[in-house]
Amino acid sequence: MSRKKHKGLFVSILLATIFMVAFGGTFFLFSEQSKKQSAQNLTVVTSFYPMYIAAMNICDGVEGVTLENLSEPQTGCLHDYQLTPEDMKLLSTADVFIVNGGGIEEFLTDVAKAYPELVIVDASQDIEISEDNAHVWMSVESHIRQVQNIAAGLAAVDAQNAHGYTHNAEHYCSHLQELAEEEATLKQELSGQSVVLFQEAYAYLAEDLGLTVAYVLDLDEERQVSAGEVSAVMKAIRQQEVSVVFADDVYAKEMSAMVEDETDAVSVCIDTLVRGTYDKNSYLTQMQQNIDAIREAYGVN
Ligand SMILES: [Zn+2]
C-alpha cells in the first residue's frame, strides 16, 4: 500500500468517525427528545383506597404515569378527613386528582382553591347518589361507571395515552361485569328478603341485590348507640322478619353480638372496600368475598 493510499484511508476513517459522532449525537438527541415526549410524566393522585385501586387498573402499563394515593386515614373512609402537610405537598406535584365525589372529599373546595391548575376527575359524575351517602363504589354497577369516568378523565388530560386508558378500563370493567352478573343472579334468589345495615355504605350493595332495607344504624368510631336505637333495631328485625344483618367487624361488634343473642338473625361481615393490600385485583377479590358471604348468610346455594 502506498503512502498516498494510506493517507486516503486515514482521511476516510476520520471523516467517517466525524460523521458518525455528529450524526450519532444528533440521533441520540432526537431519540432522547422523543422519549421525553412519549414518556411525559403525568402525576395522578387519588383521594383514597377504592379510587387508587380503580386508577391502578386504568393506568396499568401506561408509560410515564406516576400514581399516588393520599395518606390513608385510620378509618379507611374519608369522613371528616383533614389533609396532612404530606398530602398538600403531594397535591402540589399532581397533574390530576381523582376523587369519588358526592361530598366524600370534604376538603375538595380547599384543594381546588389552593391548586387552580389541578385537574379534578370526579368519578361519580352523572351517577345518581343517595342523599348524604356517597359510598358509590359499593355498588358494582355504579363502580363500573366510576371506572369509565376516571378513564375518560385521564384520556382527556393525556390524549397520547387515551387508547391505553380506555383499553385498560374496558378490560377491568369486563371483570367487574362478571361480579355484577353474579349479583344479578343472587338478586333473583334474594327477592323479598330484607336486611338491617350497620353502616350506610352497605346501602349500595343492598340495592344491587334488591334487598329491602329494614333499618340503618350507621356505626363508626364516634358513634354512641342509645337504648332507643338498640330497641328500634331489634323491633325492625322482628317485625320485618329480617334474617341477616350487614356489619363490619370493628364498630358493629357489640351490636352484632346483641342481635345474634336476642333475635334469630345472623350477622355477616361486609367489607366496605376502603382498605386492603395495594393489589389491583383487591376490589374484585373483596367484593367477591362480600357476595359469597351474603349468599351463605341467606342460605342460597
Ligand atoms: Zn364511609
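A brief structural summary. None of these values were measured; they are calculated from a predicted model. (Residues numbered from 1 in each chain as written. Predicted model: local features only at pLDDT ≥ 70, side-chain atom pairs only at ≥ 80, totals over all residues. Heavy atoms only, no water.)

## Quick look at the overall build of the protein
Using the following cut-off: Helix and strand labels come from DSSP, where a helix needs a run of H or I of at least four residues and a strand needs a run of E of at least two; each type is numbered from the N terminus. Think of it in three bands: residues with accessible area under 20% of the maximum for their type are buried, residues over 50% are exposed, and the middle band is partly exposed, with areas taken using a 1.4 Å probe on protein chains only. Any two residues having at least one pair of non-hydrogen atoms within 4.5 Å are treated as being in contact.
From N to C terminus, the protein includes 10 helices and eight strands. Here the protein, with 301 residues, has 44% of them falling under the buried criterion. Within the protein, counting contacts between residues at least 6 apart in sequence, those at least 24 apart form 66% of the total.

## Describing the coordination of the zinc ion
For clarity, the cut-off: For Na, K and Ca the donor cut-off is 3.2 Å, while for other metals it is 2.8 Å, and in both cases only N, O and S atoms qualify; water is not among them, so sites may look incomplete.
Taken together, the protein donors to the zinc ion comprise Cys 77 (SG), His 79 (NE2) and His 135 (NE2), at separations of 2.0 to 2.2 Å. Of note, the donors binding the zinc ion are all from one chain and are spaced C-x1-H-x55-H. Here the residue His 79 occupies a position in the loop between β2 (65-69) and α3 (85-92), and His 135 occupies one in the loop between β4 (119-122) and α5 (140-157), the gap between them amounting to 56 residues. Assessed through its relative accessible area of 3%, His 135 is described here as buried.

## Here we look at the pattern of salt bridges
As a reminder of what qualifies: Between Lys or Arg on one side and Asp or Glu on the other, a salt bridge is scored when a side-chain nitrogen of the former is within 4 Å of a carboxyl oxygen of the latter.
One pass over the structure, following the stated rule, counts four salt bridges. Among the ionic pairs, Glu 182 bridges to Arg 295, the shortest N-O distance being 2.9 Å. Taken together, the residues Glu 182 in helix α6 (residues 162-189) and Arg 295 in helix α10 (residues 282-297) connect sequence positions 113 residues apart. A residue is classified by how much of its surface remains accessible, and Glu 182, at 23% relative accessible area, is partly exposed. Note on Arg 295: relative accessible area 19%, which makes it buried. In this structure, the salt-bridge partner of Glu 229 is Arg 223, at a minimum N-O distance of 2.8 Å. A single salt-bridge network, built from bridges that share partners, covers Glu 182, Asp 292 and Arg 295.

## Here's the deal with unusual backbone geometry
The residue Asp 132 is not glycine, and still its phi comes out positive at about 60°. With respect to the helices and strands, Asp 132 occurs in the loop between β4 and α5. Looking at Asp 132, the relative accessible area reads 68%, which means it is exposed. Residues other than glycine seldom take positive phi values, yet Leu 273 does so here, at roughly 60°. Of note, Leu 273 is situated in the loop between β8 (266-269) and α10.

## Notes on the packing of aromatic side chains
Rules: Pairing of aromatic rings covers Phe, Tyr and Trp, the last through its six-membered ring, and needs centres within 6.5 Å; plane angles under 30 degrees mean stacked, over 60 mean edge-to-face, and all others mean tilted.
Following the criterion strictly, the structure yields six aromatic pairs and no others. Note on Phe 48 and Trp 137: the rings are 5.1 Å apart at their centroids and 80° apart in plane angle, and the pair reads as edge-to-face. Of the two residues, Phe 48 is situated in the loop between β1 (42-46) and α2 (49-58) and Trp 137 in the loop between β4 and α5; the sequence distance between them amounts to 89 residues. Phe 48 sits in the buried class, given a relative accessible area of 1%. The class of Trp 137 is buried, set by a relative accessible area of 0%. Between Tyr 52 and Tyr 278 the ring centres are 5.1 Å apart and the planes differ by 75°, which places this aromatic pair in the edge-to-face class. A residue pair is termed long-range when its members are at least 10 positions apart, and Tyr 52 in helix α2 and Tyr 278 in the loop between β8 and α10 qualify at 226 residues. Looking at Tyr 278, the relative accessible area reads 39%, which means it is partly exposed. Here a set of aromatic residues connected by ring pairs shows up, and it is made of Tyr 49, Tyr 52 and Tyr 278.

## Examining the environment of Glu 221
Among the structural elements, Glu 221 can be located in the loop between β6 (212-216) and α8 (227-239). Residues Glu 221 and Val 250, 29 residues apart in the sequence, show an inter-C-alpha distance of 8.6 Å.

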